[in-house]
Amino acid sequence: MPKVLNTRRRLIESALYLFWERGFAGTSMADLLAHSGVNSGSFYHFFESKEALLRAVLDTYLDALRPMIVDPAFAETSDPVGRIFAILAGYRGRILQTECHYGCPLGRLALEIDPENRPAHKLIAENFSGWIGAVQECVEQMSDRLPPETNTEALATYVLAVMEGGVMLSRSYGSVEPFDRAVLQLREHFRLLLAAGPGRKRAGSRRKRGKLSGSDAAAR
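A. Molecular detail of the packing of helix H5 (residues 80-97) against helix H7 (residues 118-141). Two numbers describe how H5 lies on H7: the axes approach to 7 Å, and their chain directions differ by 150°. Regarding the angle of H5 to H7, the classification is roughly antiparallel. Contacts between H5 and H7 involve Pro 80, Arg 83, Ile 84, Ile 87, Leu 88 and Tyr 91 from the first element and Trp 131, Val 135, Cys 138, Val 139 and Gln 141 from the second. Across the contact of H5 with H7, the residue classes break down as 9 nonpolar, 1 polar and 1 charged.

Structure follows, in structure tokens:
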């Protein structure tokens, strides 16, 4: 890799780590330069500010969503429900790997970045939308098993909310148990939705018609 590209990449990789570990505000320019081994002149050659580096970090997360998070989870199973929970299991692994200290890097940035920083929040929202879209793919694959009124995008958004909330609670409690409880309840939600799906209703209707026919026969 050419040295000029390698320098830019080192800055982004250092920011990925430090923004996750310390937050955006908690990471100083001195921290970034020391961690990456880059001088200030080289930094400003690539990025006009720390905010510009933040946007590059968010672009990197967006580019990595499919190859780093979605595709490995999807490779584990072809079952759409299983794929959703494989994605969540990946986050559980990262909770344990970091001993509940760091949480979700995007969730942390979403809470920390000033609401007036619309370019950054637009990229954070695009990351979340990509995550929701991947889960929505799974939900739509099982749409014929769900109640017909199910809003697939809303259900996928709910999965994201459960994940983000579970990660945040686990970080505060210093334990993976809140995440596990949230995911367990989400499993129950999917079980109930699938139990109420159109296939189950048709089966119930057939059983009901059979009982009525039996009663009519007995009456005759």
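Structure's up, so let's keep going.
B. Quick peek at the pattern of salt bridges. What the rule picks out here adds up to 10 salt bridges. Among the ionic pairs, Asp 180 bridges to Arg 92, the shortest N-O distance being 2.7 Å. Of this pair, Asp 180 sits in helix H9 (residues 177-195) while Arg 92 sits in helix H5; the two residues are 88 residues apart in sequence, bridging distant segments of the chain. Judged by its relative accessible area of 27%, Asp 180 falls in the partly exposed class. On the accessibility criterion, Arg 92 (30% relative accessible area) is partly exposed. Where Arg 191 meets Glu 188, a salt bridge forms, and the shortest distance between an N and an O atom there is 2.7 Å. Within this pair, Arg 191 and its partner Glu 188 are both found in helix H9, separated by 3 residues, close to a single helical turn. We classify Glu 188 as partly exposed; its relative accessible area is 28%. Among the charged side chains, a network of salt bridges with common partners joins Glu 21, Arg 22 and Asp 31.

C. Looking closely at the nonpolar core. Ranked by internal contacts, the top residues of the largest apolar core, which has 62 residues, are Leu 58, Ile 84, Leu 88, Trp 131 and Phe 179. Sorting elements by how many residues they give to this core places helix H4 (residues 50-76) first, with 11 residues. Beyond its immediate chain neighbours, meaning those up to four positions away, Ile 84 contacts Val 135, Cys 138, Val 139, Met 142, Val 159 and Phe 190.

D. Expanded view of the layout of surface pockets. Of the volumes computed, that of the largest pocket is approximately 630 Å³. Lining of the largest pocket is provided by 24 residues; of these, Tyr 61, Met 68, Ile 69, Arg 94 and Pro 105 occupy positions nearest its centre. Broken down by secondary-structure element, the contributors of at least two residues to the lining of the largest pocket are helix H1 (3-22), H4, H5, helix H6 (105-112), H7 and helix H8 (152-173). The dominant element in the lining of the largest pocket, judged by the number of residues it contributes, is H4, at 6 residues. Split into classes, the residues belonging to the lining of the largest pocket amount to 17 nonpolar, 5 polar and 2 charged. Put simply, the second largest pocket is a space of about 180 Å³. In this structure, the second largest pocket is lined by 13 residues; those nearest its centre are Gly 107, Arg 108, Leu 111, Glu 164 and Met 168. Elements with a minimum of two residues in the lining of the second largest pocket: H6 and H8. Looking at which element gives the most residues to the lining of the second largest pocket, the answer is H8, with 5 residues. By residue class, the composition of the lining of the second largest pocket is 7 nonpolar, 3 polar and 3 charged.

Definitions and cut-offs
Residues numbered from 1 in each chain as written. Predicted model: local features only at pLDDT ≥ 70, side-chain atom pairs only at ≥ 80, totals over all residues. Heavy atoms only, no water. Axes fitted to C-alpha atoms, helices over the stretch in contact; angles between N-to-C directions. Helix = DSSP H or I, 4+ residues; strand = E, 2+ residues; numbered from the N terminus. Parallel < 35°, antiparallel > 145°, perpendicular 65-115°, else oblique. Contact = heavy atoms within 4.5 Å. Nonpolar A, V, L, I, M, F, W, Y, C, P; charged D, E, K, R; others polar. Salt bridge = Lys/Arg side-chain N within 4 Å of Asp/Glu carboxyl O. Buried < 20%, exposed > 50% of the residue type's maximum accessible area, 1.4 Å probe, protein only. Core = buried A, V, L, I, M, F, W, Y, C linked by side-chain atoms within 4.5 Å. 1 Å grid on protein atoms, 1.4 Å probe; cavity = no way out; pocket = protein on both sides within 12 Å on 5 of 7 lines; lining within 4 Å. Points joined across faces, edges and corners; volume = space filled by probe spheres on them.

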